[in-house]
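Chain residues, written in single-letter form:
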Amino acid sequence: MANDRVHFFDTTLRDGEQSPGCSMTQHEKLQMAHSLADLGVDVLEAGFAISSDGDFASIEAVAQDVRGPVIASLARAKREDIERAGEALKKARRSRIHIFLASSDIHLEYKLRISREQALEHAAKAVSLAKSVVDEVEFSPEDSTRTSHEFLCEIVGVAIEAGATIINLPDTVGYAIPTGYAEMFRVIRERVPGADKVVLSAHTHNDLGLAVANALAAIDAGARQVECTINGIGERAGNAALEEIAAALMVRADHFPVESGLKMEKLYSMSQQLAKTISFGPSPNKAVVGSNAFAHEAGIHQHGVLSNPLTYEIMTPASVGVPTNRMVLGKHSGRHALRSRLIALGYDLGPADLDIAYRAFTELADRKKAIYDLDLINLVAHHQRNEDLIGDGITETVARTN
Ligand code: KIV
Ligand code: ZN
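Each value, and the rule that gives it
Residues numbered from 1 in each chain as written. Chains lettered and ligands numbered in written order. Predicted model: local features only at pLDDT ≥ 70, side-chain atom pairs only at ≥ 80, totals over all residues. Heavy atoms only, no water. Helix = DSSP H or I, 4+ residues; strand = E, 2+ residues; numbered from the N terminus. Rg over C-alpha atoms; globule rule 2.2 N^0.38 Å. Buried < 20%, exposed > 50% of the residue type's maximum accessible area, 1.4 Å probe, protein only. Contact = heavy atoms within 4.5 Å. Areas by Shrake-Rupley, 256 points an atom, 1.4 Å probe, with all protein chains shown as cover. Patch = residues over 30% accessible without salt bridge, like charges linked within 9 Å, V, L, I, M, F, W, Y side chains within 5 Å. Salt bridge = Lys/Arg side-chain N within 4 Å of Asp/Glu carboxyl O. Lys, Arg positive; Asp, Glu negative; His and termini not counted. Charge placed at Lys NZ, Arg CZ, Asp CG, Glu CD. Donors = N, O, S within 2.8 Å, 3.2 Å for Na, K, Ca; no water. Phe/Tyr/Trp six-rings, centres within 6.5 Å; stacked < 30°, edge-to-face > 60°. Lys NZ or Arg CZ within 6 Å of the ring centre and 35° of its normal. Pairing = 2+ DSSP bridges. Axes fitted to C-alpha atoms, helices over the stretch in contact; angles between N-to-C directions. Core = buried A, V, L, I, M, F, W, Y, C linked by side-chain atoms within 4.5 Å. Domains from an automatic or database assignment. Buried area = accessible area lost by both parts, 1.4 Å probe. Near = heavy atom within 4 Å. Polar contact = N/O pair within 3.5 Å; in protein donor to acceptor, adjacent residues only side chain to side chain. Nonpolar A, V, L, I, M, F, W, Y, C, P; charged D, E, K, R; others polar.

1. Overview of the overall build of the protein
- From N to C terminus, the protein includes 16 helices and 12 strands.
- A globule of 402 residues ought to have a C-alpha radius of gyration of about 21 Å, and the protein, at 22 Å, matches this closely.
- Taken along its principal axes, the extent of the C-alpha atoms in the protein is 70 × 45 × 40 Å.
- For the protein, buried positions account for 54% of its 402 residues.
- Sequence separation of 24 or more characterises 73% of the internal contacts of the protein that already satisfy a separation of 6 or more.
- Counting only carbon and sulfur atoms, one obtains 51% of the accessible surface of the protein, whose full area is about 17,900 Å².

2. A closer look at a negative patch on the surface
- There is a patch of like negative charges on the surface, built from Glu 117, Glu 121, Glu 150 and Glu 154.
- Put simply, the parts of the chain that give the negative patch at least two residues each are helix 6 (116-131) and helix 7 (149-162).
- Residue placement: Glu 117 occurs in helix 6.
- On the basis of relative accessible area, Glu 117 is assigned to the exposed category, the value being 54%.

3. Quick word on the coordination of the zinc ion (ligand 2)
- Within the protein, the atoms that donate to the zinc ion (ligand 2) are Asp 15 (OD), His 203 (NE2) and His 205 (NE2), at distances of 2.0 to 2.1 Å.
- For the zinc ion (ligand 2), all donor residues lie on one chain, and their spacing in sequence is D-x187-H-x1-H. In this pair, the class of His 203 matches that of His 205, namely buried.

4. A few points about the packing of aromatic side chains
- All told, the structure shown has 3 aromatic pairs when counted by the stated rule.
- One cation-aromatic arrangement involves Arg 84 over Phe 56; the distance from NZ or CZ to the ring centre is 3.8 Å.
- Looking at Lys 276, its charged tip hangs above the ring of Tyr 347, at a distance of 4.3 Å from the centre.

5. Quick word on the sheet that holds strand 6 (residues 136-142)
- Strand order in the closed barrel formed by 8 strands is 2-3-4-5-6-7-8-9, and the pairing between neighbours is parallel. Each adjacent strand pair in this sheet contributes to an overall mean axis angle of 25°, direction not counted.
- Two elements, strand 4 (residues 70-76) and strand 5 (residues 95-102), share 6 bridges in a ladder whose sense is parallel. Paired with Ile 71 across the bridge in strand 5 is Ser 95.
- Sitting on the sheet, helix 6 touches strand 5 and strand 6, and the angle it makes with strand 5 is about 170°.
- Contacts from helix 9 (residues 211-220) reach strand 7 (166-171), strand 8 (199-204) and strand 9 (225-228) within the one sheet, and its direction differs from that of strand 8 by about 165°.

6. A closer look at the environment of Asn 231
- Here Asn 231 lies in the loop between strand 9 and helix 10 (242-251).
- Asn 231 sits in the buried class, given a relative accessible area of 11%.
- Placed 58 residues apart in sequence, Asn 231 and Val 289 show a C-alpha to C-alpha distance of 7.9 Å.
- With near-sequence residues (within four places) excluded, Asn 231 lies in contact with Ala 241, Glu 243, Ser 271, Leu 274, Ala 275, Pro 282, Lys 286 and Val 289.

7. Brief notes about the nonpolar core
- Ranked by size, the top nonpolar core spans 122 residues in total, and within it Phe 8, Ile 99, Phe 139, Ile 167, Phe 185 and Ile 245 carry the most contacts.
- Ranked by the residues each element gives to this core, the list is headed by helix 7, at 8 residues.
- Both domain 1 (4-278) and domain 2 (295-401) contribute no fewer than three residues apiece to this core.
- Look past the residues within four positions of Phe 185 in its chain and what remains in contact with it is Leu 169, Leu 200, Ser 201, Ala 202, Ala 218, Ala 221 and Ala 223.

8. Comments concerning the domain arrangement of the protein
- Each domain of the protein was delimited in the assignment, giving domain 1 (4-278) and domain 2 (295-401).
- Contacts between domain 1 and domain 2 engage 16 residues on the former and 20 residues on the latter.
- Interface area for domain 1 against domain 2, summed over the two sides, is near 1,400 Å², with a carbon-plus-sulfur share of 60%.
- Where domain 1 touches domain 2, the interface holds 0 salt bridges.

9. Things to note about the site of ligand 1
- Around ligand 1 sit Arg 14, Asp 15, Leu 74, His 98, Phe 100, Ser 140, Glu 142, Pro 170, Thr 172, His 203 and His 205, and that is every residue in its neighbourhood.
- In this structure, Asp 15 approaches ligand 1 through a side-chain N or O atom, which is 3.1 Å from an oxygen atom.
- A distance of 3.0 Å is found between an oxygen atom of ligand 1 and a side-chain nitrogen or oxygen belonging to His 205.
- Burial of ligand 1 by the protein chains amounts to 95% of its free accessible area of 260 Å².
- Of all elements in the fold, only helix 1 (12-16), strand 5 and strand 6 reach the threshold of two or more residues within the shell around ligand 1.
- Here the shell around ligand 1 is built from residues that sort into 3 nonpolar, 5 polar and 3 charged.

10. Some thoughts on unusual backbone geometry
- Despite not being glycine, Asp 143 shows a phi value in the positive range, around 65°.
- Positive phi, normally seen in glycine, also occurs at Ser 279, with a value near 60°.
- Relative to the helices and strands, Ser 279 resides in the loop between helix 11 (267-278) and helix 12 (299-307).

Shown next as structure tokens:
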């Protein structure tokens, strides 16, 4: 029997972009969306249509141009949000409105100032309206993990009855621990009529550093969609990192009998493209895509890896697209090494721009022992912003060719 498919719902352009320092222009979002489609994500949440004209225009552009994933817009359980989202998604091949409505008592009382009964009414009305506007409707009881199981079952039941086919249970404030998060999915599956006919989805935040662990626990408990972002960017401590969930499913296929549509070897370039776009990247020790994720310093480790990489590597760098031959760049490195590293990062500079970049690189290398990929990305981005680079053949290869 074929393995179940886990659907990757990417929200880098919505929940990710919402975090400080991560905003992107419409052009950048469109480039990111094309690359995410090439990576093989199943659903692409392109923004929150009613939140701004810029978000609306970005969703519209993505819906018109990007083929492959379902294109989604976030909406509150309000008529104006749903109509605006439907408008932005008109040109999508397959469109989804993702409705969220708080369900925890603390949110109902202090944020929305409505009763549980009113919340149930809003949920039913919003889902049936959205159903008439787009191809599919996802419903999220916001702050699910601080909602009583009894009320959570009730509101999920109402959303399913009104026509939602994807039920997302967000750990909005990053409060859950894996066993409790998994239990919540089991409760919904066991108690809510129709829950076996919809896709259950995990959406996790990293306030306790458990976002990926919680998403994996949800998969164990039957979730078949995971919501995540590249490099784990997102509100506060971030969202679950797409590349970490994907790598865990790949490396521990013995435990997770599931499949995804991701092209794993594109993970690194996707991570680098985002880092370049927002001018900040993953920390060096970030799992899977950090610059040290496959670096070995200790002699015993180096020796082991040289005789058989499996001694200290649980996956090959190539399997997630990390360049294997990573020369360490420092003040003794030449123009050649710099050029080839820049090309690997997506910057194919012409001779004059390479001169400028090389001068900046040697100045930096005098001050810093080792130059990481992110240093180079920042260096080029800085000169591009200040228009020092004259553009003699700068081609950003990462976005379209990887
Ligand atoms: O974290 C959250 O609850 C969200 C919802 C809008 C799904 O991002
Ligand atoms: Zn979120």
